[in-house]
Amino acid sequence: MRINCPCCGERGIDEFSYYGDATVTRPDLTSPTAMAEFVAYAFERANIPGPHRELWYHAAGCHLWLVVTRNIATHEILSVESARDVALARNANAKGSA
Amino acid sequence: MAKSTLAAQSAFTDLKTSKHAALTIEVLDDLTMASIASSKGRAEEVKAAIRAAYGVELPTTPERVTGKGIAFIWHGPDQWMAIADRGAGMRDIEVELKPVLAGIAAVVDQSDGRAVVRLSGPRVRDVLAKGVGIDLDPRAFKSNGVAITHASHIGIVLWQVNDAPAYEIAMFRSFADSFATWLTHSAAEFIGH
Ligand SMILES: [Zn+2]
């Protein structure tokens, strides 16, 4: 598997570390249902074969955090984005809808 | 307290500068280096300050730019490594850059934190291919190209100096001997032990 880092270009999987599901966001610790929300955040996964958004870290390269959309059945990589850009866009959307 | 004077020591215990038909190894012990990390949102100001002071444009892609007696190596997003020869005048690039980038970037001396070696010669790509996953074919990687990667699991920053071809490789100083072991094994078939 090779990942096309937005900074470095295409690199072998040996340069990257996998950091899990990129679709979940950390719950609010002060929520009255925080315990249930954290259980869902940490453990509950649908694990559907097909495209999935994952966090990867370019550990042996530029140290950028990435959101990789990968078909977990075929390993085909559909997109690679900077996790920072994804987070900023998500925050902007949250603000816009508030 | 009296100021102690410590003799400079190469990061490489056994690796010495040596010239062979297939490969030339040069241990670059007399460098002054500093890392530059832009403060959040200040990268354009950092670029402007370096442009004003050295007349070069800091690269935003994995490339090296050279100015008069100085080189800037891309080192990640909004980060660079400045490198120059220390020379008889004991040039100190950290001291030189700090006032230029005051308040807009973190400038940290790396001169004794990194070890740098220059490799050149007709078989240099074959030697590197045994541990470096980057395609160094001239169609894919050119002079002034930079790659942050690893050589046989040792983190390195590699850049191409010229089309000879010559490459320079920087690593954390404590990995210098491990790197030298890999390099001498990798080069053995071309230069002997
Ligand atoms: Zn990268």
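Since this is a predicted model, take the numbers as computed values, not measurements.

Draft legend 1. Summary view of the sheet that holds strand 10 (residues 154-162) of chain B. All names here are of chain B. If you trace the six strands from one edge of the open sheet to the other, you get 1-2-8-11-10-9, paired in antiparallel fashion. Since the sheet does not close on itself, it has two edges, and those belong to strand 1 (18-19) and strand 9 (146-151), each with one partner. Across the sheet, helix 4 (residues 176-191) touches strand 2 (24-28), strand 8 (114-120), strand 9, strand 10 and strand 11 (166-172), and the angle it forms with strand 11 is around 150°.

Draft legend 2. Focus on the interface of chain B and chain A. Each side of the interface is counted separately: chain B has ten residues, and chain A has ten residues. Looking at the side of chain B facing chain A, the largest losses of area belong to Pro-77, Ile-148 and His-150 of chain B, adding up to 51% of the total buried there. Linking chain B to chain A there are zero salt bridges. In this assembly, chain B and chain A are joined by three residue pairs in polar contact (both at pLDDT 80 or more). Per-element accounting of the side of chain B that touches chain A gives the leading share, four residues, to strand 9 of chain B. Residues of the side of chain B that touches chain A, tallied by class, amount to six nonpolar, three polar and one charged.

Draft legend 3. View of the packing of aromatic side chains. By the definition in use, this model includes seven aromatic pairs over all chains. On the basis of an interplanar angle of 55° and a centroid distance of 5.6 Å, the ring pair of Phe-179 of chain B and Trp-182 of chain B is categorised as tilted. Of this pair, Phe-179 of chain B and Trp-182 of chain B both sit in helix 4, separated by three residues, roughly a single helical turn. Here Phe-179 of chain B and Trp-182 of chain B have matching classes, each one buried. By the ring-pair criterion, three or more aromatic residues cluster together here, those being Tyr-19, Tyr-57 and Trp-65 of chain A.

Draft legend 4. Representation of unusual backbone geometry within the structure. All names here are of chain B. Look at the link from Ala-164 to Pro-165: it is a cis peptide, with omega at 0°. In this fold, Pro-165 is placed in the loop between strand 10 and strand 11. A positive phi angle, close to 60°, is found at Asp-78, a residue other than glycine. Position of Asp-78 among the secondary structure elements: in the loop between strand 5 (70-74) and strand 6 (79-85). Classification of Asp-78 by relative accessible area gives partly exposed; the value is 39%.

Draft legend 5. Focus on the domain arrangement of chain B. Residue and element names in this part refer to chain B. Considered domain by domain, chain B is made up of domain 1 (18-28 + 113-191) and domain 2 (32-109). Opposite the ten residues of domain 1 that make contact, domain 2 presents ten residues. With both sides pooled, the region where domain 1 packs onto domain 2 buries about 910 Å², and carbon together with sulfur makes up 66% of that total. In this assembly, domain 1 and domain 2 are joined by zero salt bridges. Counting across the interface, domain 1 meets domain 2 through three residue pairs in polar contact (both at pLDDT 80 or more). Listing elements by their share of the side of domain 1 that touches domain 2, those giving two or more residues are strand 8, strand 9 and strand 10.

Draft legend 6. The sheet that holds strand 6 of chain B, seen in detail. Residues and elements named next belong to chain B. On the basis of which strands lie adjacent, the open sheet formed by five strands has the order 4-5-6-3-7 and antiparallel pairing. The open sheet has two edge strands, strand 4 (64-67) and strand 7 (105-109), and neither has a second partner. Neighbour to neighbour, the strand axes of the sheet diverge by 20° on average, direction disregarded. Both strand 4 and strand 5 contribute to a ladder of four bridges, which runs antiparallel.

Draft legend 7. Main features of the coordination of the zinc ion. Residues and elements named next belong to chain A. Here the zinc ion is held by Cys-5 (SG), Cys-8 (SG), His-58 (ND1) and Cys-62 (SG), and the distances to it run 2.0 to 2.5 Å. One can describe the site at the zinc ion as tetrahedral: its four donor atoms subtend angles covering 101 to 117° at the metal. Sequence positions of the residues that donate to the zinc ion give the spacing C-x2-C-x49-H-x3-C. Linking Cys-5 in strand 1 (residues 2-5) with His-58 in the loop between strand 4 (51-57) and strand 5 (65-71), this pair joins segments that are 53 residues apart in sequence.

Draft legend 8. Main features of the nonpolar core. All names here are of chain B. Counting 45 residues, the largest nonpolar core has Ile-36, Phe-72, Leu-97 and Leu-101 as its most contacted members. Take this core: its biggest share by element is five residues, from strand 6. Per-domain counts for this core show at least three residues from each of domain 1 (18-28 + 113-191) and domain 2 (32-109).

Thresholds applied
- Residues numbered from 1 in each chain as written.
- Chains lettered and ligands numbered in written order.
- Predicted model: local features only at pLDDT ≥ 70, side-chain atom pairs only at ≥ 80, totals over all residues.
- Heavy atoms only, no water.
- Pairing = 2+ DSSP bridges.
- Helix = DSSP H or I, 4+ residues; strand = E, 2+ residues; numbered from the N terminus.
- Contact = heavy atoms within 4.5 Å.
- Axes fitted to C-alpha atoms, helices over the stretch in contact; angles between N-to-C directions.
- Buried area = accessible area lost by both parts, 1.4 Å probe.
- Salt bridge = Lys/Arg side-chain N within 4 Å of Asp/Glu carboxyl O.
- Polar contact = N/O pair within 3.5 Å; in protein donor to acceptor, adjacent residues only side chain to side chain.
- Nonpolar A, V, L, I, M, F, W, Y, C, P; charged D, E, K, R; others polar.
- Phe/Tyr/Trp six-rings, centres within 6.5 Å; stacked < 30°, edge-to-face > 60°.
- Buried < 20%, exposed > 50% of the residue type's maximum accessible area, 1.4 Å probe, protein only.
- Domains from an automatic or database assignment.
- Donors = N, O, S within 2.8 Å, 3.2 Å for Na, K, Ca; no water.
- Tetrahedral: all angles 85-135°; square planar, octahedral: opposite > 155°, others 65-115°.
- Core = buried A, V, L, I, M, F, W, Y, C linked by side-chain atoms within 4.5 Å.

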